[in-house]
Amino acid sequence: MYFRKTLLLLIITSFIKVSAQSLIYLRPDRVFDGEKVFEKYGVIIKANKIEIVDSQVNIEKNLPKDTKIVDLKNCTLLPGLIEGHTHLFLHPYNEVPWDDQVLKESRSYRTARAVIHAEKTLKAGFTTARDLGTEGAEFDDVGLKKAIDDGVILGPRLLIATKALIATGSYAPRSFSADIKVPQGAEEADGVDDLIKKTRNQIGKGADLIKIYADYRWGLRGEAAPTFSLEEIKLIVATAQSAGRPTVAHASTVEGMRRAILGGVETIEHGDNGTLEIWKLMAEKNVYLCATLAAGDAISQYRGWKKGVDDEPDRIKKKRVSFKQALEAGVKICFGGDVGVFAHGDNARELEMMVDYGMQPTEALKSATSVNADAFHVNYEVGRIKSGLMADIVVVEGNPTKQIADIRKVKVVMKDGKLISLK
Ligand SMILES: [Zn+2]
């Protein structure tokens, strides 16, 4: 009996091995490899890796007999997309305002939502995502990431910031009596000892990167103003860097951006009031811009702008001009929409807006694949269709390299060589 069980186990194990090693040949109309478009190309997947990328003619010359062929007529194959700026613990502000999410929604409720958000993100073709802060949900992104990695729930590979760092008094919720201490959407820290300690603690708890708020609307005046000093930013960056973690900054004022760039951050989030001088500095220092066009678009609509009916508000007009100026100055553009402000799964909205605001579809798709992979230091495993990288793949109907909206017509999502059911 014992012997027979072992034999059965052996047979099962070897079967699994054979099927895990068997080849899958994906045969779309074209492949966008993260940089360029190749017509009549195909991709062979072996286990969880991309094995071969070549013309269909070449591949079919010596295709092993037991290869599983998946014909994907009228489709485009791309690397799994990389969302550069999401908050899985937030949901759209027109459903519940940000303050109320932070103050009135329990962490268990927010986590339940985050689980669904992660699944929606993956099923929209985003196999990797950079989550830039739990916004008051403590270190709950660490558990969420582990649940995804362990296969307990569906979601993208996550790069997480945990709590994010803010200078005391500079963030939100606010507008309460000065007598009341209100929980904040990120972690307050100032000065040498405190900043070093809290940066290290966030890393220790699981942060893949440190996110700071280099400016914000604080105090009674209502306009954004710088927060951390240049010296403080340099200290955070050096502390994170010595542990191999990058620092990124929320910044929208000229001075906040200038300090963040000179302080050594790797990406600037939003950058709404960037000037030509700032863009040139970013290009020179190789700092990426994650413009979050979709967030501004969503917030303007929540405030009453009827898109397509009313004139564009000043904020949108200014953003169009500054984004174009950044492109012309040669700033590298990350793809990231600040998802959570608008619905998870609707991540493609930022891609459509990048094209609407002046990028070619292939350039926008580059941002969402190879550029983000390079910017986030994950290009050794994802972001391109290249032999040896992880089999993170999205296939869409149509041709998003010409018609960006086709990126929404998701047919196949593969993460780590596994097909994700899109139901
Ligand atoms: Zn954000």
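Shown above is the structure to which this text applies.
Residues numbered from 1 in each chain as written. Predicted model: local features only at pLDDT ≥ 70, side-chain atom pairs only at ≥ 80, totals over all residues. Heavy atoms only, no water.

Caption draft 1: Here's a closer look at the nonpolar core. Core analysis: the largest hydrophobic core is formed by 65 residues, its most contacted members being Ile212, Ile268, Met282, Leu289, Leu351 and Met354. Here this core gets five residues from one element, more than from any other, and that element is helix α10 (residues 293–302). Ignoring any residue separated from it by four or fewer positions in sequence, one finds leucine 289 in contact with Ile268, His270, Gly271, Trp279, Met282, Ala326, Val331, Lys332, Ile333 and Cys334. (Core = buried A, V, L, I, M, F, W, Y, C linked by side-chain atoms within 4.5 Å. Buried < 20%, exposed > 50% of the residue type's maximum accessible area, 1.4 Å probe, protein only. Helix = DSSP H or I, 4+ residues; strand = E, 2+ residues; numbered from the N terminus. Contact = heavy atoms within 4.5 Å.)

Caption draft 2: Representation of the side chain of threonine 67 in the model. In this fold, threonine 67 is placed in the loop between α2 (56–61) and β5 (68–79). Residue threonine 67 is classed as buried on the basis of its relative accessible area of 9%. Discounting residues that sit within four places of it in the chain, threonine 67 has contacts with Leu23, Ile24 and Tyr25.

Caption draft 3: Inspection of the packing of α10 against helix α11 (residues 314–328) at higher detail. It is the contact of α10 with α11, at a shortest axis distance of 10 Å, that shows an interaxial angle of 170°. In terms of axis orientation, α10 runs roughly antiparallel to α11. Contact residues: α10 offers Leu293, Gly296, Asp297, Ile299 and Ser300, while α11 offers Arg315, Ile316, Lys319 and Phe323. Counted by class, the contact of α10 with α11 contains four nonpolar, two polar and three charged residues. (Axes fitted to C-alpha atoms, helices over the stretch in contact; angles between N-to-C directions. Parallel < 35°, antiparallel > 145°, perpendicular 65-115°, else oblique. Nonpolar A, V, L, I, M, F, W, Y, C, P; charged D, E, K, R; others polar.)

Caption draft 4: Spotlight on helix α5 (residues 140–149). Within α5 the residues assigned to the buried category are Asp140, Asp141, Leu144, Lys145, Ala147 and Ile148. Seen from one end, α5 has its buried residues packed into an arc of 160°, which puts them on one side. Set apart from the buried face of α5 by more than 90 degrees, the exposed residues are Lys146 and Asp149. Elements that come into contact with the buried residues of α5 comprise α4 (107–123), β8 (157–160) and β19 (410–415). Trailing α5 by a residue or two, glycine 151 shows a phi angle of about 80°, which is positive. (Arc of directions from axis to C-beta.)

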